[in-house]
Amino acid sequence: MRLLVFIVIGWIGFLQNHVLGQEKPASTLDIRILESIAETRTEPQTQTFKVLSDINNYVQIAVPVGLLVAGAVNDDKTMRQNALYVASSTAVTALVNVGLKHLFKRSRPFKKYPNFISIRTAGGYSFPSGHTSSAFATASALSRAYSKWYVIAPSLLWASSVGYSRMYLGVHFPSDVLAGAVLGAGSSFALDGLKK
């Protein structure tokens with residue numbers, strides 16, 4: 001009889017937590033960091049980080065295209081080769097990112113923690129951050145191709161800002177952003193042979 005009571009209580013708990021959707025996920029360092037960031041939100045910062053996040057994809061195209069055009073105009077084979085290197089780093093990162101997202105299938109913060117208020121919503125999976133990985137792939141490849149402080153500093157500041165914007169907007173966990181940064185930088189190092 002005691003076993004039957006435990007089984008019934010266990011099933012009630014299971015139904016409440018899983019079937020009825022009342023399960024509250026355990027608080028992790030990831031969500032605590034996001035909640036801390038959310039507490040500091042202001043309207044001007046929100047607008048800034050929305051813009052940074054939105055124009056990221058355009059920057060990923062503009063950088064290699066700019067190098068290619070400048071290389072063609074100046075008849076600079078090195079610059080054209082570096083355009084290929086930057087574009088390849090970003091493209092490889094994007095492909096690996098898609099594969100990792102489907103492998104890990106991690107929910108977005110606002111889906112896993114319904115009480116967490118995000119500024120934006122996004123489809124697909126969370127891990128790793130695609131915006132961050134592409135930003136770091138471009139920034140790292142550009143910095144490797146042109147290793148001057150005035151290229152490296154703005155490139156890394158840009159990539160870091162994009163990563164932070166994804167956490168600020170509530171669409172990625174900090175670990176998603178960290179993994180994206182490692183993936184993007186790693187791709188540029190792996191394709192180092194393409195640069196001049």
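Let me begin by describing the structure that accompanies this report. (Residues numbered from 1 in each chain as written. Predicted model: local features only at pLDDT ≥ 70, side-chain atom pairs only at ≥ 80, totals over all residues. Heavy atoms only, no water.)

1. What to know about the packing of aromatic side chains
Next, step 1: Taken as a whole, this structure holds six aromatic pairs when the rule is applied.
Next, step 2: With a centroid separation of 6.4 Å and an interplanar angle of 40 degrees, the aromatic rings of Tyr 164 and Tyr 168 are classed as tilted. Within this pair, Tyr 164 and its partner Tyr 168 are both found in helix α7 (residues 149–168), separated by four residues, close to a single helical turn.
Next, step 3: When its relative accessible area of 31% is taken as the criterion, Tyr 164 is described as partly exposed.
Next, step 4: Through a chain of ring-to-ring contacts, three or more aromatic side chains come together here, namely Phe 49, Tyr 164 and Tyr 168.
Next, step 5: Against the face of Tyr 168 rests Arg 41, its NZ or CZ located 5.8 Å from the ring centre. (Phe/Tyr/Trp six-rings, centres within 6.5 Å; stacked < 30°, edge-to-face > 60°. Helix = DSSP H or I, 4+ residues; strand = E, 2+ residues; numbered from the N terminus. Buried < 20%, exposed > 50% of the residue type's maximum accessible area, 1.4 Å probe, protein only. Lys NZ or Arg CZ within 6 Å of the ring centre and 35° of its normal.)

2. Regarding the pattern of salt bridges
Next, step 1: Inspection of every chain in the model, using the stated rule, returns five salt bridges.
Next, step 2: Residues Arg 106 and Asp 30 are paired through a salt bridge, measuring 2.7 Å at the closest nitrogen-oxygen approach. Taken together, the positions of Arg 106 in the loop between α4 (77–104) and α5 (109–112) and Asp 30 in helix α2 (residues 29–39) put the pair 76 residues apart, joining distant regions of the chain.
Next, step 3: Look at Asp 30 and you get buried, because its relative accessible area is 13%.
Next, step 4: With a closest N to O distance of 3.6 Å, Asp 75 and Arg 80 form a salt bridge. (Salt bridge = Lys/Arg side-chain N within 4 Å of Asp/Glu carboxyl O.)

3. Some details on the side chain of Ser 155
Next, step 1: By the element assignment, Ser 155 lies in helix α7.
Next, step 2: For Ser 155, a relative accessible area of 10% puts it in the buried group.
Next, step 3: Not counting residues up to four positions away in its chain, the partners in contact with Ser 155 are Ala 139, Leu 142 and Ser 143. (Contact = heavy atoms within 4.5 Å.)

4. Description of the packing of helix α3 (residues 43–73) against α4
The geometry of a pair of packed helices is captured by two quantities: the angle between their axes and the separation between those axes.
Next, step 1: Where α3 meets α4, the closest approach of the two axes is 7 Å, and the angle between their N-to-C directions is 165 degrees. On the basis of the axis angle, α3 is roughly antiparallel to α4. The way α3 lies across α4 gives a crossing that is left-handed. Residue-level contacts link Gln 60, Val 63, Pro 64, Leu 67, Leu 68, Ala 70, Gly 71 and Ala 72 of α3 to Met 79, Arg 80, Asn 82, Ala 83, Val 86, Ala 87 and Thr 90 of α4.
Next, step 2: Of the residues in the contact of α3 with α4, the class split is ten nonpolar, four polar and one charged. (Axes fitted to C-alpha atoms, helices over the stretch in contact; angles between N-to-C directions. Parallel < 35°, antiparallel > 145°, perpendicular 65-115°, else oblique. Left-handed = near helix turned anticlockwise from the far one by under 90°. Nonpolar A, V, L, I, M, F, W, Y, C, P; charged D, E, K, R; others polar.)

5. As for the side chain of Ser 88
Next, step 1: By the element assignment, Ser 88 lies in helix α4.
Next, step 2: Assessed through its relative accessible area of 17%, Ser 88 is described here as buried.
Next, step 3: Look past the residues within four positions of Ser 88 in its chain and what remains in contact with it is Leu 191 and Leu 194.

6. Let's talk about a nonpolar patch on the surface
Next, step 1: Together, Ile 61, Val 65, Val 69 and Val 73 line one region of the surface with nonpolar side chains, adding up to about 380 Å² of accessible area.
Next, step 2: Looking at where Val 73 falls in the secondary structure, it is placed in helix α3.
Next, step 3: The exposure class assigned to Val 73 is exposed, which follows from its relative accessible area of 67%. (Patch = residues over 30% accessible without salt bridge, like charges linked within 9 Å, V, L, I, M, F, W, Y side chains within 5 Å. Areas by Shrake-Rupley, 256 points an atom, 1.4 Å probe, with all protein chains shown as cover.)

7. Some details on helix α6 (residues 130–145)
Next, step 1: With 16 residues, α6 should reach 22 Å at 1.5 Å per residue; the first-to-last C-alpha distance of 22 Å fits that figure.
Next, step 2: With 14 of its 16 residues buried, α6 lies for the most part within the structure. (Expected span 1.5 Å × (residues − 1).)

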